Amino acid sequence: MKILAIIPSRYGSTRFPGKPLVKIDGKTMIQRVYERSSLALEHVCVATDDQRIFDEVIRFGGDVVMTSSCHKSGTDRCFEAMNIVEKRDTKQYDIIVNIQGDEPFISPEQLLELIACFFNDSGTKIATLVKRFSPEEDIFNPNCPKVVISKEFYALYFSRNAIPFQRGADLKDWNGNMPYYKHIGLYAFTRDTLVAISKLKPAFLEMAEQLEQLRWLEYGYRVKVAITQHSSYSIDTHDDIDNLISKNIIKSSV
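Since the model is a prediction, treat every value here as computed from it, not as a measurement.

K.L.:
Outline helix α4 (residues 108-120), listing residues and values.
P.N.:
End to end, α4 covers 18 Å across 13 residues, agreeing with the expected 18 Å (1.5 Å per residue, within 8%). For α4, the set of buried residues is P108, Q110, L111, L114, I115, C117 and F118. Where α4 is buried, its residues meet β1 (3-9), α1 (29-38), β6 (95-98), β7 (126-132), β10 (181-190) and β11 (223-227).

Right under this line is the structure:
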């Protein structure tokens, strides 16, 4: 299968403007995401709407395409980028991977686990990753989406709330009583599926929870889930960088 990995990257983040260009231990965030993704996948491309990010990717020798500034989601930007790259490369790709541009410590093994969904289950059209919450993690944090999955490892629902609800149990005991899974924001699609979902209009569940993946479930698409053991560190604010420095995960933000 021919696989194209796309990293949507925009400059105008509400909580952290210019986030892709912030330096972490001497390298920009977008360079770190690109280099780590390239350890697992051969064809990696950044999709941006900002000249500064475009120039930075060119500087470190990466592949980049300029896309519209009107996209409301990373999936929409991936769809446009796929069309640009396929026209440029004069070939079609079988699998499109959407890699978050704010995960500078993404594990190459996570990407391989994601892609394996398509080899292990021929019915897979969309795939994503989850990781079990550790005992000390806060399952009630609404900024960390949760997932419940079927015995066939398909997502039943995504929510900002802790799911499932445990009737009659103290909240402090929930995480110990049963496994809770957090969603790792990596997606992979068959080409035909990406084309199809790019035409879907926002749906009720998505608007309620502000989680795009609920649009796909509401329209009847199944999302295959792989469970990873590798940690993921998403950076949404300056405080997230300071927190990683305090935990000695990174040395500095310069």
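The rest of the description comes next.
K.L.:
Provide a residue-level description of the environment of A155, including the pertinent values.
P.N.:
Following the sequence through the fold, A155 ends up in strand β9 (residues 155-159). Under the relative-accessibility criterion, A155 is labelled buried at 9%. Separated by 131 residues in sequence, A155 and I24 place their C-alpha atoms 34 Å apart. Ignoring sequence-local partners within four residues, the contact set of A155 consists of V147, V148, I149, L217, V223 and V225.

K.L.:
Kindly report on unusual backbone geometry, identifying the contributing residues and their values.
P.N.:
Look at the link from I163 to P164: it is a cis peptide, with omega at 0°. Counting through the fold element by element, P164 comes out in the loop between β9 and α5 (174-177). At D25, a position not held by glycine, the phi torsion is positive, near 50°. Within the fold, D25 resides in the loop between β2 (23-24) and β3 (27-28). According to the relative accessible area criterion, D25 is partly exposed, its value standing at 31%. Of note in this structure, T90 is not a glycine but carries a positive phi near 50°. By the element assignment, T90 lies in the loop between α3 (74-89) and β6.

K.L.:
Residue-level account of the environment of N161, with values.
P.N.:
By secondary structure assignment, the location of N161 is in the loop between β9 and α5. Judged by its relative accessible area of 54%, N161 is exposed. Expressed as a C-alpha distance, the spacing of N161 and S37, which sit 124 residues apart in the sequence, is 30 Å. N161 has contacts with K146 and E209, leaving out every residue within four places of it along the chain.

K.L.:
Give a detailed account of helix α2 (residues 51-59), specifying residues and quantitative values.
P.N.:
Because each turn of an α-helix spans 3.6 residues, side chains separated by three or four positions in sequence point in the same direction. Among all positions of α2, only I53, E56 and V57 are buried. Looking straight down α2, one finds its buried side chains confined to an arc of 100°; they lie on one side. In this structure, the buried side of α2 is in contact with β1, β3, α1, β4 (43-48) and β5 (64-66). Between the side-chain oxygen at the start of α2 and the backbone nitrogen of R52 there is a gap of 2.8 Å, and the oxygen is on D50. Two residues or fewer past α2, G61 is found with a positive phi of approximately 90°.

K.L.:
I'd like a rundown of the side chain of S73, residues and numbers included.
P.N.:
Residue position: S73 is located in the loop between β5 and α3. Relative accessible area serves as the criterion here: at 15%, S73 is assigned to the buried category. A distance of 3.1 Å separates a polar side-chain atom of S73 from the backbone nitrogen of D76.

K.L.:
Break down the pattern of salt bridges for me, with residues and values.
P.N.:
Side-chain pairs of opposite charge can arise where the charged atoms are in close proximity. Evaluation of the coordinates by the stated rule reveals twelve salt bridges. For D50, the salt bridge goes to R52, with nearest N and O atoms at 2.8 Å. Using a relative accessible area of 10% as the deciding quantity, one classes D50 as buried. Between D89 and R88 there is a salt bridge, with the nearest N and O atoms lying 2.9 Å from each other. Take R88: its relative accessible area is 42%, and that puts it in the partly exposed class.

K.L.:
Explain the nonpolar core residue by residue, including any values.
P.N.:
Counting 33 residues, the largest nonpolar core has I7, L41, V46, V97, I99 and L186 as its most contacted members. If you tally residues by element for this core, the top one is α4, at five residues. Counting 28 residues, the second largest nonpolar core, distinct from the first, contains L4, V147, Y187 and F189.

Reading the values: the criteria
Residues numbered from 1 in each chain as written. Predicted model: local features only at pLDDT ≥ 70, side-chain atom pairs only at ≥ 80, totals over all residues. Heavy atoms only, no water. Helix = DSSP H or I, 4+ residues; strand = E, 2+ residues; numbered from the N terminus. Expected span 1.5 Å × (residues − 1). Buried < 20%, exposed > 50% of the residue type's maximum accessible area, 1.4 Å probe, protein only. Contact = heavy atoms within 4.5 Å. Arc of directions from axis to C-beta. Polar contact = N/O pair within 3.5 Å; in protein donor to acceptor, adjacent residues only side chain to side chain. Salt bridge = Lys/Arg side-chain N within 4 Å of Asp/Glu carboxyl O. Core = buried A, V, L, I, M, F, W, Y, C linked by side-chain atoms within 4.5 Å.

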